Amino acid sequence: MTLPLPPVVSSQFAGASVQYDVPLAALTTLRVGPVARRLITCDTTEKLIAVLRELPAGVPAEKTLVLAGGSNVVIADDLTDLTAVQVANTEITVEGDVLRAEAGALWDDVVVTSLAYGLCGLECLSGIPGSAGATPVQNVGAYGAEVADTISRVRLLDRRTGADRWVSPSALGFGYRQSVLRNSKDSVVLEVEFTLDVEGRSAPLRYGELTTALDAEPGSQVDPTLVREAVLTLRTRKGMVLDPEDHDTWSVGSFFTNPVVTPDVFERLRSEVDGPVPNYPAPNGVKLAAGWLVEHAGFAKGYPGEAAAARLSTKHALAVTNRGAATTADVIALARTVRDGVRSRFGIDITPEPILIGGAL
């Protein structure tokens, strides 16, 4: 017999609403996670600042978690006494060629708003789940574009000092799926500002799969609405557009980043396998396709099979998915198996793209 859950008790903290004993799984795209002792929901930037200033700074992430779209985190199921701060400020404003999005705004709403105002540059990033505030943290990118291409400022709250300030991209150390914010517990994104193209042209097309889908030349600029449609089609085929009915989308997207290796490692790899090895130029070497490495190490789409609570997406080998009843431990165990298998087969390390909270791979 299943007992009914107790009613959620509510109160306030620093002007924001508080609920107690709240399961966090529903607030993540993987749909795994612990029960938070309290969930503080901040629906304005002012409330978010007030809450974070009042909470003790420097508390380990295992005890205080700032959570927005929940699309790039894997949170351990067994965390206890957790306070979760939900970033729910969602305003998007446009002035000329500048778009500002509060941290809790859904990312795809930001893309849609930019196109509605005739602003271009974000269309290749259509359909990515999560919030605007997460995009500078890991320099979100897809189909040859990344947010570092268009971010002009980011508003941060320093939890150590309570300072609220705008910083330029040069202070953020953007790299491939990286920024100085990624591993920082001290800085919380409040707003992100983008400076976009007003000429009605997409960003130059740099990704082969996308240029093929659009029947366009590499480097060309086309109608941005057509780019958005093509990107959404491509992402849907890979299970990378959220759909509550499709367990292939119950993931954090690509679980591993594409590794960058030295030219000699690349040449060794080419000599060891039959057929071409997908690769891309990178500032410090050669970027490999993590999905290709995963599949050629023996982990096919859908691995390890239908009976598993967590398995690779049937559409995209880089996505570790929850088939409906997985725990965080299930997800981590599968990701660890895949990582170790790639290392054993090729001698190449692939690293997690999501942030792991309360656990490690």
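That block above? That's the structure.
What you see is a predicted model, and the numbers here were worked out from it, not measured in a lab.

Criteria and cut-off values
Residues numbered from 1 in each chain as written. Predicted model: local features only at pLDDT ≥ 70, side-chain atom pairs only at ≥ 80, totals over all residues. Heavy atoms only, no water. Phe/Tyr/Trp six-rings, centres within 6.5 Å; stacked < 30°, edge-to-face > 60°. Lys NZ or Arg CZ within 6 Å of the ring centre and 35° of its normal. Pairing = 2+ DSSP bridges. Helix = DSSP H or I, 4+ residues; strand = E, 2+ residues; numbered from the N terminus. Axes fitted to C-alpha atoms, helices over the stretch in contact; angles between N-to-C directions. Salt bridge = Lys/Arg side-chain N within 4 Å of Asp/Glu carboxyl O. Buried < 20%, exposed > 50% of the residue type's maximum accessible area, 1.4 Å probe, protein only. Polar contact = N/O pair within 3.5 Å; in protein donor to acceptor, adjacent residues only side chain to side chain. Contact = heavy atoms within 4.5 Å. Core = buried A, V, L, I, M, F, W, Y, C linked by side-chain atoms within 4.5 Å. Disulfide = S-S within 2.5 Å.

### Observations concerning the packing of aromatic side chains
Evaluation of the coordinates by the stated rule reveals 5 aromatic pairs. Above the plane of the ring of Y176 lies K287, whose end atom (NZ or CZ) is 4.0 Å from the centre.

### Let's talk about the sheet that holds strand β11 (residues 151-158)
Pairing between the strands of a sheet is mediated by backbone hydrogen bonds and can be parallel or antiparallel. Taking strand neighbours across the sheet as the criterion, the 5 strands line up as β7-β8-β13-β11-β12 in an open arrangement whose pairing is antiparallel. The open sheet has two edge strands, β7 (92-95) and β12 (164-167), and neither has a second partner. Neighbour-to-neighbour, the strand axes of this sheet turn through a mean angle of 20°, independent of strand direction.

### Topic: the pattern of salt bridges
The final tally for this structure, using the stated rule, is 22 salt bridges. Close ionic contact of D108 with R228 constitutes a salt bridge, the shortest N to O distance being 2.9 Å. Residue D108 is located in helix α2 (residues 107-116), and its partner R228 is located in helix α4 (residues 224-237); the two are separated by 120 residues in the primary sequence. On the basis of relative accessibility, which here comes to 15%, the residue R228 falls in the buried class. In this structure, R206 and D149 form a salt bridge, with 3.5 Å as the shortest nitrogen-oxygen distance. With R206 in the loop between β13 (187-195) and α3 (208-214) and D149 in the loop between β10 (145-146) and β11, this residue pair connects regions lying 57 residues apart in the sequence.

### A short note on the sheet that holds strand β14 (residues 260-261)
Strand order in the open sheet made by the 3 strands is β14-β16-β15, with antiparallel pairing throughout. Edge positions in the sheet fall to β14 and β15 (279-282), since each has one partner strand and no second. Here β15 runs beside strand β16 (residues 285-288); their pairing, made up of 4 bridges, is antiparallel. When the bridges of β16 are listed, N279 appears paired with L288.

### What to know about the side chain of T328
Mapped onto the elements of the fold, T328 is located in helix α7 (residues 328-346). Judged by its relative accessible area of 5%, T328 falls in the buried class. For T328, the side chain forms a polar contact with the main-chain oxygen of I75, separated by 2.7 Å. Apart from residues lying up to four places away in sequence, T328 is in contact with V32, G33, V74, I75, A76 and D77.

### Quick notes on the nonpolar core
Among the nonpolar cores identified, the biggest contains 53 residues, and V51, W107, V110, V154, V189, F194 and L210 are the most heavily contacted of them. It is β13 that provides the largest number of residues to this core, a total of 5 residues. Excluding its chain neighbours within four sequence positions, the residues that come into contact with V189 are L48, A103, G133, P136, V137, V154, R155, L156 and L181.

### Looking at the environment of P259
Secondary-structure assignment places P259 in the loop between α4 and β14. According to the relative accessible area criterion, P259 is buried, its value standing at 7%. Along the backbone, P259 and V112 are 147 residues apart, and their C-alpha atoms lie at a distance of 31 Å. Excluding residues within four positions of it along the chain, P259 makes contact with V286, K287, L288, A290, L293, I348, D349 and I350.

### Digging into the pairing of β7
Sheet topology places β7 next to strand β8 (residues 98-102); 4 bridges connect them, and they run antiparallel. Following the sheet pairing, I92 is matched in β8 by A101. Turn length for the β7-β8 hairpin, with the two strands adjacent in sequence and antiparallel, is 2 residues, and the turn residue G96 shows positive phi of about 65°.

### Overview of the state of the cysteines
For the coordinates displayed, the defined rule picks out 0 disulfides. Of all cysteine sulfurs in the structure, the one in C124 sits closest to C120, which takes part in no disulfide; the separation is 11 Å.

This is a description of form; function is not addressed.
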